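# Secondary and tertiary structure notes
Here is what each chain is made of, one letter per residue.
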Amino acid sequence: MDLRWRNFPLVLTFAAAAVTPTFGQSENAESIPDLSGMWAHANPGFEPMASGPTALVNRSRRPNGTGDILKLAGDYTNPILTPQAAEVVKKHGELGLSYTGDPNPRNQCWPEGPPFVFTNGPTQLIQQPGKVTILYGYNHQVRHVRMNQPHPAKLIPSWYGDSVGRYEGDTLIIDTVGMKVGRYSMVDWYGTPHTEALHVIERYRMLDYAAAKEGFERDAKQHNVAAGMPAANARGKYLQLQFTVDNKTVFTTPWSATMTYRSGGNVATDWAELTCAENIQWYPGKDSDVPRALKPDL
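Please read all numbers here as calculations on a predicted model, not as lab measurements.

### Structural notes on the pairing of strand 5 (residues 141-147)
- Residue alternation in strand 5 divides its side chains into a buried set, Gln141, Arg143, Val145 and Met147, and an unburied set, Val142, His144 and Arg146.
- With 6 bridges connecting them, strand 4 (residues 131-136) and strand 5 associate as antiparallel partners. In the strand pairing of strand 5, Thr133 is matched with His144.
- A loop of 4 residues connects strand 4 with strand 5, the two strands running antiparallel in sequence, and Asn139 in this loop sits at a positive phi of about 70°.

Here's what the structure looks like:
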């Protein structure tokens, strides 16, 4: 089996969906940024900031200087990590370099949760009165964001947490807490752990190429992206997500990174159905640990 697919279960079926944002009469549509479109990004995703506390990078590099996605080994010396978290990342890196396979929620068909899910593409944001729904193409994952509402005083941790949002000028801000910890829960592709105290703040905004270029350049230093100008949407725009992560028992300080998305297509047929469990072979002789019910539903 081609090593490029060792960590990626194959997906074979296709479908289509089309989405445009709608706004209620009580909302001023002109004041709400239009974030519609299909958005895509190369894996493993996070674009480290140019300065300040930021995301881990891959210690394993290609000859061209970018991270080697076939050998995922996170930089466990990053000062954002507590000693315990650094040890977890180091052990994941040993698996990533061994070609035996390092399990993560993507290649095991488990819910990803933010911020890991930010690397799931393509992505759509559906803006409606009082809510935003975020669709992730891989494995039919969905997040629901309640607008202008507080988090409940008591909440039960869930795979995607409790998300509330608001608009500030040209930016959609989403605040998420209460994320469940499962067998393969992690912050990134390097196995960085988290607890149920994980707190993630997302800021989405549309950019023209001049403004998005800096993010694309940071991305190109880390990931083997295609040469040339990234595809824009029909309006000539790109979507950038800047997010901040805080989890005091895992990280020594809050840290930030970006995802600068290119267009993933402008017509309904560009949205493909990607079902992880349709092909559960992780690599030859080893199947993914697909979630299974402990007892029959019937």
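### Concerning unusual backbone geometry
- The peptide bond linking Asn43 to Pro44 adopts the cis configuration, its omega dihedral lying at 5°.
- Mapped onto the fold, Pro44 is located in the loop between strand 1 (38-40) and strand 2 (47-48).
- Cis geometry is adopted by the peptide bond preceding Pro115, which originates at Pro114 and carries an omega value of 0°.
- For Pro115, the position within the fold is in the loop between helix 1 (83-98) and strand 3 (123-128).
- The phi dihedral of Cys109 is positive, around 65°, even though this residue is not glycine.
- Residue placement: Cys109 occurs in the loop between helix 1 and strand 3.
- You will see that Asn148, though not glycine, has its phi angle at about 55°, which is positive.
- Note on placement: Asn148 falls in the loop between strand 5 and strand 6 (162-168).

### Side note on the packing of aromatic side chains
- Under the criterion given, the structure shown has 11 aromatic pairs.
- Taken together, a centroid distance of 5.1 Å and an interplanar angle of 65° make the contact between Phe118 and Phe243 edge-to-face. Residue Phe118 is found in the loop between helix 1 and strand 3, and its partner Phe243 is found in strand 9 (residues 238-246); the two are separated by 125 residues along the sequence.
- Assessed through its relative accessible area of 0%, Phe118 is described here as buried.
- Arranged with centres 5.1 Å apart and planes meeting at 80°, the rings of Phe216 and Tyr238 form a pair that is edge-to-face. Placement of the pair is Phe216 in helix 2 (residues 209-222) and Tyr238 in strand 9, with a sequence separation of 22 residues. For the pair Phe216 and Tyr238, one class covers both residues: buried.
- Members of the aromatic cluster, each reached through a chain of ring pairs, are Phe46, Phe118, Phe243, Phe251 and Trp255.
- Its guanidinium or amino end placed over the ring of Tyr138, Arg106 lies 5.0 Å from that ring's centre, counting from NZ or CZ.

The rules behind the values
- Residues numbered from 1 in each chain as written.
- Predicted model: local features only at pLDDT ≥ 70, side-chain atom pairs only at ≥ 80, totals over all residues.
- Heavy atoms only, no water.
- Buried < 20%, exposed > 50% of the residue type's maximum accessible area, 1.4 Å probe, protein only.
- Helix = DSSP H or I, 4+ residues; strand = E, 2+ residues; numbered from the N terminus.
- Pairing = 2+ DSSP bridges.
- Phe/Tyr/Trp six-rings, centres within 6.5 Å; stacked < 30°, edge-to-face > 60°.
- Lys NZ or Arg CZ within 6 Å of the ring centre and 35° of its normal.

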